[in-house]
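Structural features, examined
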There are 2 protein chains.
Amino acid sequence: MGYNVMSATCPSRVVLHRIGARWTVFVVNALEDGPLRFTALVARIQGVTPKVLTETLRTMQEDGLLTRVDYAEQPPRVEYGLTDLGRSLLVPLRAVREWAEAHVPDILDARERARNPVSRPESEPTR
Amino acid sequence: MGYNVMSATCPSRVVLHRIGARWTVFVVNALEDGPLRFTALVARIQGVTPKVLTETLRTMQEDGLLTRVDYAEQPPRVEYGLTDLGRSLLVPLRAVREWAEAHVPDILDARERARNPVSRPESEPTR
DNA sequence: CTGGATCCTCAATGATACTG
DNA sequence: CAGTATCATTGAGGATCCAG
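These remarks concern the structure in this document. (Residues numbered from 1 in each chain as written. Chains lettered and ligands numbered in written order. Predicted model: local features only at pLDDT ≥ 70, side-chain atom pairs only at ≥ 80, totals over all residues. Heavy atoms only, no water.)

**Comments concerning helix 6 (residues 104-115) of chain B**
Heads up, the condition is: For the purposes of this entry, the term helix denotes a DSSP run of H or I that reaches at least four residues, the term strand denotes a run of E that reaches at least two, and both are numbered from the N terminus. The length a helix should cover is 1.5 Å for every residue beyond the first. Relative accessibility thresholds used throughout: buried, under 20% of the residue-type maximum; exposed, over 50%; partly exposed, between the two (1.4 Å probe, protein chains only). Starting at the helix axis, one direction is taken to each C-beta atom, and the arc is that of these directions. We call two residues contacting when some pair of their heavy atoms lies within 4.5 Å.
With 12 residues, helix 6 of chain B should reach 16 Å at 1.5 Å per residue; the first-to-last C-alpha distance of 17 Å fits that figure. Buried within helix 6 of chain B are the following residues: Val104, Ile107, Ala110 and Arg111 of chain B. Down the axis of helix 6 of chain B, the buried side of the element spans an arc of 135°, and every buried residue falls inside it. Buried-residue contacts for helix 6 of chain B involve helix 1 (11-19), helix 4 (50-62) and helix 5 (84-102) of chain A together with helix 5 (84-102) of chain B.

Put into structure tokens, the structure is as follows:
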């Protein structure tokens, strides 16, 4: 109680920043069915580079969202999985992902309309 | 159907990127109770600069999430409000905000523990 | 006075290549 | 396989200036 993201100094601001960190939403969603190895994550989250994924995983691990298990084998095997906290974050972040996938046409249409001020009926003030 | 954020080339990727864009979640949550003026937004979302807020508002407007109404008065008055699409996005983004506000202690504790490898009982492999 | 636009700086992000 | 190292690019942030 008492935390408010609208306050510049509230710790929740930092937390929200971390959640929004570019690839966090992908990692959380990618791990929803269980732990994955580093390479499997890179393969599943297309477009992420090893460097950035490493940074993201480290940060999420520090924040208690991920477990990292190094099996110390040869060849190396490391598995990343969601903690309970990470799984609780999966609920809202899955909803965000689903919203994105569901509303692509709406966004693309709106963007197209913003670009082409097509036959605007008329009369509207100035936008 | 058919959109998948895990694909690097999927348009939903762009949409998700926009949603994650640093201040979008704040703007959407700030407008949940109705339209606000530019200055009111700056005041409510503490820490955002006019420049960055302007950019965020423009982008969100292009994406069809916001309406911008210029009343062409003297002194100037411009109001920003959520479109139906923006309101639908409010649902998942409010959940994210609430998660952030609710789990601040968990994150801070985890970070503290990651920094101080305090008396770990023992026996755990290496994590 | 409100709602910006501009210029500059720097931290985060990304591409590419290489290593234990 | 699981990352690092290096370099280029982008975007956020701060300060300042401008127009109605």
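Next comes the rest of the description.
**Remarks on the relation of the copies chain B and chain A**
Heads up, the rule is: Copy-to-copy superposition: least squares on the C-alpha atoms, limited to residues that have pLDDT of at least 70 in both copies.
Take chain B, turn it by 180°, move it 0.0 Å along the axis, and it overlays chain A with an RMSD of 0.1 Å. With respect to symmetry, the two chain copies, as superposed, fit the operation of a two-fold axis. Minimal C-alpha distance to the rotation axis in chain B is attained by Gly20 of chain B, lying at 2.6 Å. Comparing interface residues between copies, 100% of those in chain B also lie at the interface in chain A; the contact surface is shared.

**What about the sheet that holds strand 2 (residues 66-70) of chain B?**
Residue and element names in this part refer to chain B. Filter applied, for reference: Pairing between two strands requires that DSSP report at least two bridges joining them. For helices, the fitted line uses only the C-alpha atoms of the stretch in contact; every axis is such a line through C-alpha atoms, and the angle between N-to-C directions lies from 0 to 180 degrees.
The antiparallel open sheet is built from 3 strands, whose spatial order is 1-3-2. Here the strands that pair on one side only, and so sit at the sheet edges, are strand 1 (36-37) and strand 2. Where strand 1 and strand 3 (residues 78-82) come together, 2 bridges link them in antiparallel fashion. Opposite Arg37, over in strand 3, you have Glu79 as the bridge partner. The sheet contacts of helix 4 (residues 50-62) involve strand 2 and strand 3, and relative to strand 2 the element is tilted by about 110°.

**Remarks on the packing of helix 5 of chain A against helix 5 of chain B**
Test applied: Here the word oblique covers every angle except those under 35 degrees (roughly parallel), over 145 (roughly antiparallel) and from 65 to 115 (roughly perpendicular). Three classes are used, and their members are as follows: Ala, Val, Leu, Ile, Met, Phe, Trp, Tyr, Cys and Pro are nonpolar, Asp, Glu, Lys and Arg are charged, and the others, Gly among them, are polar.
Running from N to C, helix 5 of chain A and helix 5 of chain B point in directions that differ by 170°, and their axes come no closer than 9 Å. In terms of orientation, helix 5 of chain A and helix 5 of chain B fall into the roughly antiparallel class. In this structure, helix 5 of chain A uses Leu85, Ser88, Leu89, Pro92, Leu93, Ala95, Val96 and Trp99 of chain A to contact helix 5 of chain B, whose residues at the interface are Leu85, Ser88, Leu89, Pro92, Leu93, Ala95, Val96 and Trp99 of chain B. Here the contact of helix 5 of chain A with helix 5 of chain B is composed, by residue class, of 14 nonpolar, 2 polar and no charged.

**Section: the pattern of salt bridges**
Two side chains that carry opposite charge are able to pair once their charged atoms sit near each other. Counted only if it meets this: Each salt bridge in this description consists of a side-chain nitrogen of Lys or Arg and a carboxyl oxygen of Asp or Glu lying within 4 Å of one another.
Throughout the structure, instances matching the rule amount to 18 salt bridges over all chains. A salt bridge links Asp63 of chain A to Arg18 of chain A; the nearest nitrogen and oxygen atoms lie 2.7 Å apart. A residue pair is termed long-range when its members are at least 10 positions apart, and Asp63 of chain A in the loop between helix 4 and strand 2 (66-70) and Arg18 of chain A in helix 1 qualify at 45 residues. Since its relative accessible area comes to 2%, Asp63 of chain A is described here as buried. Judged by relative accessible area, which is 27%, Arg18 of chain A ranks as partly exposed. Residue Arg111 of chain B is joined to Asp63 of chain A by a salt bridge in which the shortest nitrogen-to-oxygen separation is 2.9 Å. In this pair, Arg111 of chain B is assigned in helix 6 and Asp63 of chain A in the loop between helix 4 and strand 2, connecting two distinct chains. In this pair, the class of Arg111 of chain B matches that of Asp63 of chain A, namely buried. In this structure, a network of salt bridges that share partners links the residues Glu32, Arg94, Arg97 and Glu101 of chain A.

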